[in-house]
Amino acid sequence: MTDYAIELVGISKRFGAVQANRNVSMKIAKGSIHGIIGENGAGKSTLMSILYGYYQADAGSIHVGGRETRIRNSHEAIALGIGMVHQHFMLVDTFTVLENIVLGAEGGLLLKDGLARARDHLKALNREYALEVDPDAVVGELGVGLQQRVEILKALYRGADVLILDEPTAVLTPQEADHLFRILRALKEQGKTVILITHKLREVMDITDAVTVMRGGEVVGNVATTDVDKETLADLMVGRKVSLRVDKAHREPGAPVVTVRGLGLTDARGVKLLDNLNFEVRAGEIVGIAGVAGNGQSELLEVLAGMQTPSCGEIVYKGETLTGTRSRRPRPALWREKGIGHVPEDRSREGLVKAFSAFENAILGYHREKTVRKGPLYARRTLIERTRDFIEQFDIRPANPLLRVGLMSGGNQQKVVLAREIHADPDLLLVGQPTRGVDIGAIEFIHKRLVELRDQGKAILLVSVELEEIMALSDRILVMAGGQITGEVAGKDATAKELGLLMGGHKH
Amino acid sequence: MKFGQPSTLPRWASLTILPVLNLAAALLVTALVTWMIGEDPWECLKLLVSGAFGYGEGIGYTLFYTTSFIFTGLAVATAFHAGLFNIGGEGQAYIAGLGVTLTVLAFDHTLPAPVLMPLAILAAMAFGAAWAFVPGWLQARRGSHIVVTTIMFNFISYSVMLYLLSHHLIEPGSQNPTTREFGQAAWMPAMHDMAAVLGFDLPSTPLNASFILAIVASVVFYLVVWHSRWGFELRTVGVNEKAATYAGMSVSTVIIVAMCFSGALAGLSAVNELMGSTHRMNVSFTNGVGFVGIAVALMGRNHPVGIVLSALLFGALTQGGLELSFEKPVITREMILLIQGLIILFCGALENLFEPFIAPLFKRKD
């Protein structure tokens, strides 16, 4: 007989009109790594929030270690030995690792005793799971991978036996992800139970023992990982056959649309964020920028979109030098009018206003255009009409132009941004992380649209931390490391190994 | 209710039931205090309501106060939509009074009313806007916090106005720091006079054409904020500066312009007061109208309909409270302030106090 760490029976939860979970049941074996996969909006996060006490289920029961329990808040979850590592870390940047770990569990009136005890405990944990975290490092100065390990330590320090990780590899480099998996395996060996929420099939196949597939708030499959393959899981997730490959015919690129010469960006502390970049993007080609997050790709996109002023160098767009021109109007507005579209990396904080309805977001950035107005006011009906078109063409759900965008899933939010930018018919489209946090069904769709645009003769600059995506879409790949371009590879010849080396800063 | 959790109430309920419950709670605590000082709460409430709405004159005064509160409420809401907390409505209204006074004193014997009045109204808006421009500019370009600067600008306006009134604008030979009476050309048409023209007989009150201006301003406010390009930029900057930058909006321009509009709206309350009622300027004629505007905007949830309704509530409290304090000497002006304070506390600060209790009533059945 198997012992179950967690059993969920018939969990249902609804938010207003949205049924986030419907009669969800699953059993998670003690000492296993259990994957929960599903598209965005499949109800994975809601389910875990119920397990961690953030929400109360409308119906159903939770059994922890064989006993039925009610979890009303995260304190009760922690007391039951459930720990959670959030996608967005809950750390105080200016505190040391040790201080962050005792935060909320200081143990006594005086900090000193608690800290000393924590230090010993931490040493043991560090050794046991090969976490390699320095307790005296300031958290803000650590890399993302290390910060994540601090979160894991935090949960372990609070006595977690069951560890929930929400999309843990979304922010990691392949190497960091590998390290994380080693840690997870070590945890498993020590008898801990790990719940891994993800939408990456490769991870599920690599590391989990069992997997639960969710779709539309329901469980559509509970299987042992050894019994399935990637394709079966993908089909289960989206409920239909999907192709993970991108069909792309060869196309001879046209004239350069944008040429960048000697582009540099230096921040206030004198750190070179962009260092002497030279490249061009031509009509009808997708140029991919590969690199580990934080190596200047974000800054490059922002500079090209006019959101930041480069410190040196020039940007020539369709024969016109954009840099150095002075204008009273903000540059993103001017450049957008010239035909530079921008799908920003951080769609929820830049590309959209979550509090606004879909039809208002459909004109963000294009809100000055005369076509959206009738006299001095917005032509509301025209806007709603346009949004309906977006919804239809991009299969945005829920199909309600008046819905607040914040209530949509990540994939649908991304489709709103993409629909808007494509509608403007740009000659150069800057695309940042087009499929981050986006479900497989939508990824396929977004990739197709990007290739279509390329075939129409648009120039596309694609920044992504997903190597597979870069390799599948790009005609040429530029690799960035430390703000510099460390190499260029033709899309069809690229191998992950070669790109990986370049991403590590090995120049060609 | 945990922060960030989606509200479980339907929108209409959170806009109607919650404010009513909050108001009831505030009145309940007031009743308790009234009872503790030995008065009959029920009788006091009746006096208050009848003082505000019970007879024609009372209604006129209530609407007169309401007018000023609508202006300052809209002023606070404008800034709030840009993510700014304009505490300086008081000072902006005060300085706007200077604009009115200077214009009127200069031209009231030379220009006819149809020219002078719009000119004085524009002067009020311009002066109010100018007084709000400086904190707005400091916020947008230098990062000085708007709350701090607008509070300081209130104090500066008090001192400036006291100096000007007692040294330069004072009526020659007068002992009181007030200006001379404005010429008739600068008197806002009183509501009872306008009604008389149409054949209605209304009691004589300070209620004047500014009330119509306030309603027009509310409608314009709605259209501008929710249906115009500038309103779109205003709201975008207010909730997400990063998205505003991405969309090619100039965040600092929006902030500065929002503050100017805010100041201009606050300035219109001076028109109601000076050109509509007192017909001369005196020291601290604003009498807290800018601060009440904060409560009005807060309770009205920065929407013109809510602002008009909550301005009416505060107008009624002011008028009814005055009547009440005539009748009951124990109920002082401070008591009325207490009621206002409680309403602000319950409607603003404790906005969601009752939500968890009534949420189950609205739970959908599966």
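Residues numbered from 1 in each chain as written. Chains lettered and ligands numbered in written order. Predicted model: local features only at pLDDT ≥ 70, side-chain atom pairs only at ≥ 80, totals over all residues.

Moving on, we come to the overall build of chain A. On a plain count of helices and strands, chain A comes out with 17 helices and 22 strands. Over its C-alpha atoms, taken along the principal directions, chain A stretches across nearly 70 × 50 × 45 Å. Of all intrachain contacts in chain A linking residues separated by at least 6 positions in sequence, the fraction that spans at least 24 positions is 69%. (Helix = DSSP H or I, 4+ residues; strand = E, 2+ residues; numbered from the N terminus. Contact = placed C-beta atoms within 7 Å.)

Right, let's talk about the overall build of chain B for a bit. Helix and strand counts for chain B come out as 15 helices and 0 strands. For chain B, whose C-alpha radius of gyration is 21 Å, the value lies close to the compact-globule estimate of 21 Å for 366 residues. Taken along its principal axes, the extent of the C-alpha atoms in chain B is 75 × 60 × 40 Å. Each of the 366 residues in chain B was classed as buried or not, and the buried ones make up 48%. (Rg over C-alpha atoms; globule rule 2.2 N^0.38 Å. Buried ≥ 20, exposed ≤ 12 C-beta atoms within 10 Å, placed from the backbone.)

At the junction of the two partners, chain A supplies 25 residues and chain B supplies 18 residues. Of the residues contributing to the side of chain A that touches chain B, the split by class is 13 nonpolar, 4 polar and 8 charged. (Nonpolar A, V, L, I, M, F, W, Y, C, P; charged D, E, K, R; others polar.)

Residues and elements named next belong to chain A. Read from one edge to the other, the open sheet built from 4 strands follows the order E12-E11-E14-E15, with strand pairing classed as antiparallel. A single partner strand is all that each edge strand has here, and the edge strands are strand E12 (272-282) and strand E15 (320-321). Judged from the 2 bridges that link them, strand E14 (residues 312-317) and E15 form a sheet pairing that is antiparallel. Following the sheet pairing, valine 316 is matched in E15 by threonine 321. Of the strands in this sheet, strand E11 (256-266), E12 and E14 are in contact with helix H9 (residues 297-304), which crosses E12 at around 60 degrees. (Pairing = 2+ DSSP bridges. Axes fitted to C-alpha atoms, helices over the stretch in contact; angles between N-to-C directions.)

This next bit is on the confidence of the model for chain A. Across chain A, the average pLDDT comes to 86, with 95% of residues at or above 70. Looking over chain A, one finds the lowest element-wise mean pLDDT in helix H17 (residues 496-503) of chain A, namely 72, and the highest in strand E20 (residues 459-463) of chain A, namely 94. (pLDDT = per-residue confidence, 0-100.)

Residues and elements named next belong to chain B. Taken over all residues, the pLDDT of chain B has a mean of 88, while the share at 70 or more is 95%. Every residue in residues 1-6 is under pLDDT 50, and counting partners more than four places away or in other chains gives 5 contacts. Predicted complex, confidence summary: ipTM 0.80, pTM 0.75.

Take the sheet that holds strand E22 (residues 484-490) of chain A next. Residue and element names in this part refer to chain A. Read from one edge of the open sheet, 6 strands run E16-E19-E20-E13-E21-E22, paired in mixed fashion. Edge strands, defined here as strands with exactly one partner in the open sheet, are strand E16 (340-343) and E22. Across this sheet, the average inter-strand angle for adjacent strands is 20 degrees, counted without regard to direction. Pairing analysis gives 5 bridges linking strand E19 (residues 428-432) to E20, with the strands arranged parallel. In the strand pairing of E20, leucine 429 is matched with isoleucine 460.

This part is about helix H5 (residues 144-157) of chain A. Residues and elements named next belong to chain A. Relative to the 20 Å expected for 14 residues at 1.5 Å per residue, H5 spans 20 Å between its end C-alpha atoms, a close match to the ideal helical length. Those residues of H5 lying buried are Gln148, Arg149, Val150, Glu151, Ile152, Leu153, Lys154, Ala155 and Leu156. Trailing H5 by a residue or two, glycine 159 shows a phi angle of about 80 degrees, which is positive. (Expected span 1.5 Å × (residues − 1).)

Next up on the list: the nonpolar core. Counting 249 residues, the largest nonpolar core has A:Ile164 and B:Ala124 as its most contacted members. No other element matches helix H11 (residues 251-278) of chain B, which puts 16 residues into this core. Residue-level mapping places this core at the junction of two domains, with at least three residues from each of domain 1 (4-238) and domain 2 (254-339 + 426-508) of chain A. When residues no more than four places from it in sequence are discounted, the contact partners of A:Ile164 are A:Met48, A:Leu51, A:Tyr52, A:Ile82, A:Gly83, A:Met84, A:Val85 and A:Ile195. (Core = buried A, V, L, I, M, F, W, Y, C linked by C-beta atoms within 7 Å. Domains from an automatic or database assignment.)

Looking now at unusual backbone geometry. Peptide bonds are trans in most cases, and residues, glycine excluded, mostly fall at negative phi. Residue and element names in this part refer to chain A. Cis geometry is found at the peptide bond from arginine 397 to proline 398, where omega equals -5 degrees. Checked against the element boundaries, proline 398 lands in the loop between helix H13 (380-394) and helix H14 (410-423). Positive phi values are uncommon outside glycine, yet aspartate 395 reaches one of about 50 degrees. Examined against the element boundaries, aspartate 395 turns out to sit in the loop between H13 and H14. The phi dihedral of glutamine 433 is positive, around 40 degrees, even though this residue is not glycine.

Next up on the list: the environment of B:Ala93. Residue and element names in this part refer to chain B. If you trace the backbone, alanine 93 turns up in helix H4 (residues 89-107). In sequence terms alanine 93 and phenylalanine 285 are 192 residues apart; their C-alpha atoms lie 9.4 Å from each other. Once residues lying within four places of it in the same chain are set aside, the contact partners of alanine 93 are Thr72, Gly128, Ala266, Gly267, Ser269, Ala270, Thr286, Val289 and Gly290.

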